[in-house]
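Residues per chain, in single letters:
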Amino acid sequence: MIQRRLISHNARASVSAVGLSPLSAVIEAACGSHLCTHGRRRRVGKTALCAIMGIMLLVSNGVDATSASAAPASAPLPHSGGTLRLTAQSSGGTLDPQVAYMSLTRQIETPVYDTLLAYPKFSGPGALPVIANLVEQVPTPEEGGLTYRLTLRKGIRFSNGQALGVEDVAASFRRVFKVGSPTAGPYYSHIVGADACLKDPAHCTLAGGVETDAATRSVVFHLSTPDPDFLEHLAWGHAAILPASTPPHDMGNSAPPGTGPYRITAYDPTQHLEMERNPYFQEWAHEAQPAGYPDHIRLTFGLEPESEVTAIENNQYDWMYEDVPLDRLGEVGSRYAAQVQLYTLLLYYYAALNTTLPPFNSLKARQALNYAVNRHAMVIYHGGPAVAVPLCQLLPEGAPAHQPSCAYTKGASPEHPAARWQAPDLETARRLVRESGTAGQKVTIVAPLDGRYSSMAMELRSTLAAIGYDAVVRSMTQTVQFPYVQNSDNHVQVALTGWQADYPSAGGILHTLYSCESIHPHSDNSLNMSAFCDPAIEDQMQHAATLALTDKPASAQAWAAVDRALMAQAPSVPLVQIKRVTLLSKRARNVIVTLNDEILLSQLQIQ
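These remarks concern the structure in this document. (Residues numbered from 1 in each chain as written. Predicted model: local features only at pLDDT ≥ 70, side-chain atom pairs only at ≥ 80, totals over all residues. Heavy atoms only, no water.)

1. Regarding the environment of Lys364
Part 1: Counting through the fold element by element, Lys364 comes out in helix H13 (residues 363-372).
Part 2: Separated by 205 residues in the primary sequence, Lys364 and Gln569 place their C-alpha atoms 9.1 Å from one another.
Part 3: Residues within four places of Lys364 in sequence aside, it is in contact with Leu432, Glu435 and Ser436.
Part 4: A polar atom in the side chain of Lys364 sits 3.1 Å from the side chain of Glu435. (Helix = DSSP H or I, 4+ residues; strand = E, 2+ residues; numbered from the N terminus. Contact = heavy atoms within 4.5 Å. Polar contact = N/O pair within 3.5 Å; in protein donor to acceptor, adjacent residues only side chain to side chain.)

Here's what the structure looks like:
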């Protein structure tokens, strides 16, 4: 179970000793407009000091999403209407809910599309178990976890006026395979008939896997093997239920009809996205899909994060997708703390190493980079230890089965891991490079065009050079970079990327990113960007997943062992885990943060 974490006691103690007013004065003196607004991010010292002091002030003010949204949104303020104005540096690409995997699109489409089950739209300990959404109740697994029976609710309509029926459900699950959804293999391969669908998506029928009865509104799923996370997979966004007539291809810039309280009416990925109320929506379960407050939602693309902050400070926009830039944290912490949301997610950054291409088809080369990287620098690039922690394993803190372990730090090894990362070990790294015979080879890092990504990419480039490689960075917009690094035809050696867990599950992270089933050659939807496939570790994953059906503590231990086994093979370089620092306008109220959907944009009230 994930508990939303507060800042460490040490950080709180240091802040309380300073006091709010003196700290504000210190920040104003050290992080005035010249330093914090115009400082260059690569000048880590001053910018990081400004950022850390700003975060300290936010913490001292008690800015944490736990306290802001711990209770269910059962009785929000009676205020609706107006236009919610959002801004993002760039769009999230396709609007197709069964294909889209950018977190921006996922967040925007939360009030547009629905799944059979859902995570509650509130935070706190009660927000983890899935609840009924388009169906009347959460099913109880039958026949040892091979059968799930559900009944659709009555009276739900899509935004085009069409009534929701059981055939829409069956067609939507077939479509998951036909459109090549990124999670078709990892999440839905247990359904009877899925093997045939993965081999021949165009002719997918899921025969014997999904049975429906229109008269009783019944939907029955039959699995070939038990899936301990199947209920969570029914709540995942790629299982969105669409009209059966939706074309079996990526809809791109055209949004299919959904059942949520909003519908997308216009989209230009270079300029804006427009949403308005779904005239056919009637709230059926507030905690699963609440009615929205704004009449219209407008998302504008193109501003740099620096400009986004200024625009929100001036009440030109109400929310920005990007985190507050490092060199503005001091200013935000001292002047706009009441407008900031600071919250923890299962979100981290890592460098995926292509295990099929030189030099990282060599285990020693992969281990060398893990030893050499300076994770402390990565923490500083994200605002310091109050909002970021070094990550040295594939299961982040807060994930089920997480057991602190670091095989690649000074004085440690895969056979004798340390509890935490301490410092880089360049001596060991250089020795491994020499032993691998890969010294001097050219390495290209493909990274998104973003300030923090750019800083991390340059740090990686310097590290690779320090251990004997000829390294360069190739940058592109994140919308282009994410599918690009997944496609094996592009021969990416190092992909700098981030991962936010789809739901709190060890298997949902490790199996999705490192299973043989997650490799799809020549596809933009191949989440195993390292192309790592180890039959022995695959068997360990299956064992850990099977244990979850009967013995969850034993399953957690097994997944922790998988984490360590994967890190011994070093398919990627975990770098840093972060908290989100989000700025809202003065007029935005009723902020609700959830573990899976982040800030519920439909619940923001404009005053």
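Further notes follow.
2. Focus: the packing of helix H19 (residues 535-547) against helix H20 (residues 552-569)
Part 1: The N-to-C vectors of H19 and H20 enclose an angle of 160 degrees; their axes lie 8 Å apart at closest approach. When the axes of H19 and H20 are compared, the pair comes out roughly antiparallel. Note on packing geometry: the crossing formed by H19 with H20 is left-handed. Note on element contacts: H20 touches H19 through Lys552, Ala554, Ser555, Ala558, Trp559, Ala561, Val562, Ala565, Leu566 and Gln569, opposite Ile537, Gln540, Met541, His543, Ala544, Ala545 and Leu547.
Part 2: Taken together, the residues of the contact of H19 with H20 sort by class into twelve nonpolar, four polar and one charged. (Axes fitted to C-alpha atoms, helices over the stretch in contact; angles between N-to-C directions. Parallel < 35°, antiparallel > 145°, perpendicular 65-115°, else oblique. Left-handed = near helix turned anticlockwise from the far one by under 90°. Nonpolar A, V, L, I, M, F, W, Y, C, P; charged D, E, K, R; others polar.)

3. Observations concerning the sheet that holds strand S4 (residues 147-151)
Part 1: One open sheet accounts for three strands, arranged S4-S6-S5; its pairing is antiparallel. In this open sheet, the two edge strands, each paired with only one partner strand, are S4 and strand S5 (210-213). Averaged over all neighbouring strand pairs, the angle between strand axes comes to 15 degrees, with direction disregarded.
Part 2: By the bridge criterion, four bridges tie S5 to strand S6 (residues 218-222) in an arrangement that is antiparallel. When the bridges of S6 are listed, Thr212 appears paired with Val219. (Pairing = 2+ DSSP bridges.)

4. A short note on the sheet that holds strand S16 (residues 572-583)
Part 1: Pairing within the open sheet is mixed, and its six strands lie in the order S12-S16-S11-S15-S13-S14. The open sheet has two edge strands with one neighbour each: strand S12 (388-390) and strand S14 (470-476). Strand after strand, the sheet turns through a mean of 25 degrees between neighbouring axes, direction not considered.
Part 2: Bridging between strand S11 (residues 340-353) and S16 involves ten bridges; their strand directions are antiparallel. Residue pairing in the sheet places Tyr349 in a bridge with Val576 of S16.
Part 3: Where H13 meets the sheet, its contacts fall on S11 and S16, and the angle it forms with S16 comes to roughly 45 degrees.

5. Observations regarding the pairing of S6
Part 1: Of all five residues in S6, five are buried; the element is thus mostly enclosed.
Part 2: Side chains Ser218, Val220 and His222 project from S6 onto one buried face, and the interleaved Val219 and Phe221 project onto a second face that is buried too.
Part 3: For S4 and S6, the ladder comprises five bridges, and the chain directions are antiparallel. Paired with Arg149 across the bridge in S6 is Val220.
Part 4: Between S5 and the antiparallel strand that follows it, S6, lie four residues; Arg217 among them carries a positive phi value of about 60 degrees. (Buried < 20%, exposed > 50% of the residue type's maximum accessible area, 1.4 Å probe, protein only.)

6. Quick word on the packing of aromatic side chains
Part 1: Here the structure, examined in full by the defined rule, presents 16 aromatic pairs.
Part 2: With 4.9 Å between their ring centres and 45 degrees between their planes, Tyr148 and Phe230 make a pair best called tilted. Taken together, the positions of Tyr148 in strand S4 and Phe230 in helix H10 (residues 230-234) put the pair 82 residues apart, joining distant regions of the chain. The burial state of Tyr148 is the same as that of Phe230; both residues are buried.
Part 3: Between Trp319 and Tyr321, the aromatic rings sit 6.3 Å apart at their centres with planes inclined by 55 degrees, giving tilted as the arrangement. Neither Trp319 nor Tyr321 differs from the other in exposure class; each is buried. (Phe/Tyr/Trp six-rings, centres within 6.5 Å; stacked < 30°, edge-to-face > 60°.)

7. Considerations on helix H15 (residues 426-436)
Part 1: Among all positions in H15, only Thr428, Ala429, Leu432, Val433 and Ser436 are buried. Summarising the axial view, the buried residues of H15 lie within an arc of 140 degrees, below the 170-degree limit, and thus occupy one face. For H15, the exposed residues lying more than 90 degrees away from the buried face are Glu427 and Arg434.
Part 2: The first or second residue beyond H15 is Gly437, which carries a positive phi of 70 degrees. (Arc of directions from axis to C-beta.)

8. Some details on the nonpolar core
Part 1: Of all hydrophobic cores here, the largest spans 152 residues; its most connected members are Leu116, Phe173, Ile191 and Phe221.
Part 2: Here this core takes ten residues from S11, the largest share from any one element.
Part 3: Apart from the residues lying within four places of it in its own chain, the contact partners of Leu116 are Ala132, Asn133, Leu134, Val135, Leu150, Leu152, Val169, Phe173, Phe221, Leu234 and Ile241.
Part 4: With 15 residues, the next largest nonpolar core counts Ala311, Val324, Leu342 and Leu583 among its residues. (Core = buried A, V, L, I, M, F, W, Y, C linked by side-chain atoms within 4.5 Å.)

9. Focus: the pairing of S11
Part 1: Of all 14 residues in S11, 14 are buried, a share of seventy percent or more.
Part 2: Burial of S11 is two-sided: the residues Val340, Leu342, Thr344, Leu346, Tyr348, Tyr350 and Ala352 facing one way and the residues Gln341, Tyr343, Leu345, Leu347, Tyr349, Ala351 and Leu353 facing the other way are all buried.

10. Structural notes on the state of the cysteines
Part 1: Overall, the coordinates contain three disulfides when judged by the stated rule.
Part 2: Paired through a disulfide, Cys197 and Cys204 show a sulfur-sulfur distance of 2.1 Å. Disulfide Cys197-Cys204: the torsion about the S-S bond is 75 degrees, which places it as right-handed. Here Cys197 and Cys204 have matching classes, each one buried. (Disulfide = S-S within 2.5 Å.)

11. Examining the side chain of Ser602
Part 1: Residue placement: Ser602 occurs in the loop between strand S19 (598-599) and strand S20 (605-606).
Part 2: Once residues lying within four places of it in the same chain are set aside, the contact partners of Ser602 are Pro111, Tyr262, Gly292, Tyr293 and Pro294.

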